[in-house]
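Reading the structure
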Amino acid sequence: MALERFGAPVYVRKQIVHNTHVVRNLEKRGAVFVEETEEVPEGAVVVFSAHGVAPQVRDDAKSRGLRTIDATCPLVTKVHSEARRFAAQGYDILLIGHDGHEEVIGTAGEAPASIHLVDGPAESDSVQVRDPARVAWLSQTTLSVDETKETVAALRERFPQLQDPPSDDICYATQNRQVAVKQIAADCDVVIVVGSTNSSNSVRLVEVALDAGARSAYLVDDASAIDPGWLETVATVGVTSGASVPEDLVDGVLERLAESGFTDVEEIEAVKERMVFALPRELRQAATGNG
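For the structure given in this document, a descriptive report is provided here. Numbering of residues begins from 1 in every chain and follows the order in which that chain's sequence is written. For a predicted model such as this one, the threshold for reporting local features is a pLDDT of at least 70, and the threshold for listing and counting side-chain atom pairs is 80 or more; totals across whole chains, interfaces and linings nevertheless cover every residue. With hydrogens and water set aside, each side-chain value is computed from the structure's full complement of heavy atoms.

1. Quick notes on the side chain of Asn 19
- Of note, Asn 19 is situated in the loop between strand E1 (10–13) and helix H2 (20–29).
- The classification of residues rests on relative accessible area computed with a 1.4 Å probe and restricted to protein chains. Under 20% of the type maximum is buried, over 50% is exposed, and intermediate values are partly exposed. Of the residues examined, Asn 19 reaches a relative accessible area of 1% and is grouped as buried.
- Polar contacts here mean pairs of N or O atoms no more than 3.5 Å apart (in protein, one a potential hydrogen donor and the other a potential acceptor; neighbouring residues in sequence count only if both atoms are side-chain atoms). Looking at Asn 19, its side chain comes within polar contact range of the main-chain nitrogen of Val 22, at 3.1 Å.
- For Asn 19, the contacting residues outside a window of four places in its chain are Ser 196, Ser 244, Val 245, Pro 246 and Leu 249. Where helices and strands are cited, they refer to DSSP runs of H or I of at least four residues and of E of at least two residues respectively, numbered from the N terminus. Here, two residues are considered to be in contact whenever any of their heavy atoms come within 4.5 Å of each other.

Structure representation (structure tokens):
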């Protein structure tokens, strides 16, 4: 949409989503992916990725006269808002997530003096806070639901007055896929997850499948990555995908499996997804001529 509105090149800070095919397709159309806004020519259009950015990044872009389009996922924006609110109320915030992940960096930037990263249950013992009676937790939106619950339980043992976020932080699409995988995993000889290796929610799906009883589980970018050896002596194959994977990649995997004799397909929909997000404000303004 930004390429159609503004023409190439449109710069994108980080990967717009963590999917190799999506990024390559956008590059072919004129998107230029950069690591930081300082790589963007002054006055150019830059898109902030779905994982969100810290306030400092926005300030840097403004100081260089960049025209910004904020494509931050609304669920990530919600976490940012919660971080600011808890920090303003004097809470220490225990952010459950993976060190170095773009979403975690962006959220931590909203209240750096108040946020402490907790990367799994094992780190709950080492975190230090100012006042054990004023502690809240938030999470990266693409985590395993079960592991997040384990981490929260471990933190609550240390901080009995630990405050919950007003609503669940885990992305609904991530949760729904994990629920569906749990339903099918025990009946599958192998589960194939379509997604890229740098996609946190895709990697979690492999882990969830194995934990839920799948004999084996593999992460593939597309059908070409399927090893024929995985399908030998296999009766049932489960297929799922990361939250940002284009549907045609999943269709390609199903076609590849059909060629290998897996022609009977049963679709499992754990939860009906009806949520629709609006375009970024900047694109809505451009569409109405108010930008």
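Here the narrative resumes, following the displayed structure.
2. Quick notes on the nonpolar core
- Only buried residues count toward a nonpolar core, which is a set of Ala, Val, Leu, Ile, Met, Phe, Trp, Tyr and Cys residues joined through side-chain atoms within 4.5 Å. Ile 192, Val 194, Ile 226, Val 237, Val 253 and Leu 257 are the most contacted members of the largest nonpolar core, which has 16 residues in total.
- Only strand E8 (190–194) and helix H9 (247–259) provide two or more residues apiece to this core.
- The element that contributes the greatest number of residues to this core is H9, accounting for 4 residues.
- Among the nonpolar cores identified, the runner-up in size contains 15 residues, and Ala 2, Val 10, Val 12 and Phe 33 belong to it.

3. Topic: the sheet that holds strand E5 (residues 92–96)
- In short, DSSP must find at least two bridges between two strands for them to pair. Pairing in this open sheet of 3 strands is parallel, and the strands run E6-E5-E7 from one edge to the other. Each edge of the sheet is formed by a strand with only one pairing partner; in this case those strands are strand E6 (115–118) and strand E7 (135–139). Mean inter-strand twist for the sheet, computed between neighbouring axes without regard to direction, equals 30°.
- Angles here are taken between N-to-C directions and fall from 0 to 180 degrees, while the axes themselves are lines fitted to C-alpha atoms, restricted in helices to the stretch in contact. Of the strands in this sheet, E5, E6 and E7 are in contact with helix H4 (residues 74–88), which crosses E7 at around 170°.
- Each of E5, E6 and E7 touches helix H6 (residues 145–158); the most contacted strand, E5, lies at about 150° to it.

4. Overview of the environment of Gly 195
- With respect to the secondary-structure elements, Gly 195 resides in the loop between E8 and helix H8 (200–211).
- Gly 195 sits 23 residues away from Tyr 218 along the chain, and the two C-alpha atoms are 9.9 Å apart.

5. Notes on the pairing of strand E10 (residues 237–241)
- Most of E10 sits inside the fold, with 4 of its 5 residues counted as buried.
- As judged from the 5 bridges shared by E8 and E10, these two strands associate in the parallel manner. Bridge pairing in E10 places Val 190 opposite Val 237.

6. Here's the deal with a negative patch on the surface
- Patch definition: residues with relative accessible area over 30% and no salt bridge; like charges joined within 9 Å; nonpolar side chains (Val, Leu, Ile, Met, Phe, Trp, Tyr) joined within 5 Å. Residue-level accessible areas treat just the shown protein chains as cover; the underlying method is Shrake-Rupley with a 1.4 Å probe. Each reported salt bridge corresponds to a side-chain nitrogen of Lys or Arg within 4 Å of a carboxyl oxygen of Asp or Glu. Lys and Arg are tallied as positive, Asp and Glu as negative. Neither His nor the chain termini are counted. A single reference atom marks each charge: NZ on Lys, CZ on Arg, CG on Asp, CD on Glu. Taken together, the side chains of Glu 247, Asp 248, Asp 251, Glu 255, Glu 259, Glu 267 and Glu 269 present a region of like negative charge at the surface.
- Within the element layout of this structure, Glu 269 appears in the loop between H9 and helix H10 (281–288).
- Accessibility expressed as a relative area gives 47% for Glu 269, which makes it partly exposed.

7. Structural notes on the packing of aromatic side chains
- Planes of paired rings set the category: under 30 degrees apart is stacked, over 60 is edge-to-face and the rest tilted, where pairs are Phe, Tyr or Trp rings (Trp by its six-membered ring) whose centres lie within 6.5 Å. Scanning the model with the defined rule gives 2 aromatic pairs in all.
- Residues Phe 86 and Tyr 91 carry aromatic rings whose centres are separated by 5.4 Å and whose planes lie at 70° to one another, so their mutual orientation is edge-to-face.
- Given a relative accessible area of 3%, Phe 86 falls into the buried group.
- Its relative accessible area of 11% is what places Tyr 91 among the buried residues.
- Between the aromatic rings of Tyr 218 and Trp 230, the centroid separation amounts to 3.9 Å while the plane-to-plane angle is 0°, which identifies the pairing as stacked. Of this pair, Tyr 218 sits in strand E9 (residues 217–220) while Trp 230 sits in the loop between E9 and E10, placing them 12 residues apart in sequence.
- The ring of Phe 86 has Arg 85 sitting right over it, with the charged end atom 4.6 Å from the ring centre.
- Criterion for a charge above a ring: Lys NZ or Arg CZ within 6 Å of the ring centre, and within 35 degrees of the ring normal. For Arg 134, the ring lying beneath its charged end belongs to Tyr 91, and the centroid distance is 4.3 Å.

8. What about the packing of helix H7 (residues 172–185) against H8?
- Two elements in contact, H7 and H8, have axes whose closest approach is 9 Å; the angle formed by their N-to-C orientations is 25°. The angle between H7 and H8 falls in the class roughly parallel. In the crossing of H7 with H8, the sense of the turn from one axis to the other is right-handed. Facing Thr 174, Arg 177, Gln 178, Val 181, Lys 182 and Ala 185 of H7, the residues of H8 in contact are Asn 201, Arg 204, Leu 205, Val 208 and Ala 209.
- Side-chain classes are defined by residue name, with Ala, Val, Leu, Ile, Met, Phe, Trp, Tyr, Cys and Pro counting as nonpolar, Asp, Glu, Lys and Arg as charged, and the others, Gly among them, as polar. Broken down by class, the residue content of the contact of H7 with H8 amounts to 5 nonpolar, 3 polar and 3 charged. With respect to orientation, any angle under 35 degrees is reported as roughly parallel, any angle over 145 as roughly antiparallel, any angle of 65 to 115 as roughly perpendicular, and every other angle as oblique. Crossings are classed by handedness, with left-handed meaning an anticlockwise turn of the near helix from the far one by less than a right angle and right-handed meaning a clockwise turn.

9. Considering the environment of Ala 87
- Tracing the chain through its elements places Ala 87 in helix H4.
- Look past the residues within four positions of Ala 87 in its chain and what remains in contact with it is Ile 93, Ala 111 and Ser 114.

10. Comments concerning H2
- Burial in H2 covers these residues: Val 22, Val 23 and Leu 26. An end-on view of H2 places all buried positions within 95° of arc, on one side of the element.
- Check the buried side of H2 and you find it contacts helix H1 (2–6) and strand E2 (31–34).
- Taking the backbone nitrogen of His 21 as reference, a side-chain oxygen 3.1 Å away marks Asn 19 as the first, capping residue of H2.
- Downstream of H2 by one or two residues, Gly 30 has phi in the positive range, about 120°. It is the directions from the helix axis to the C-beta atoms that the arc portrays.

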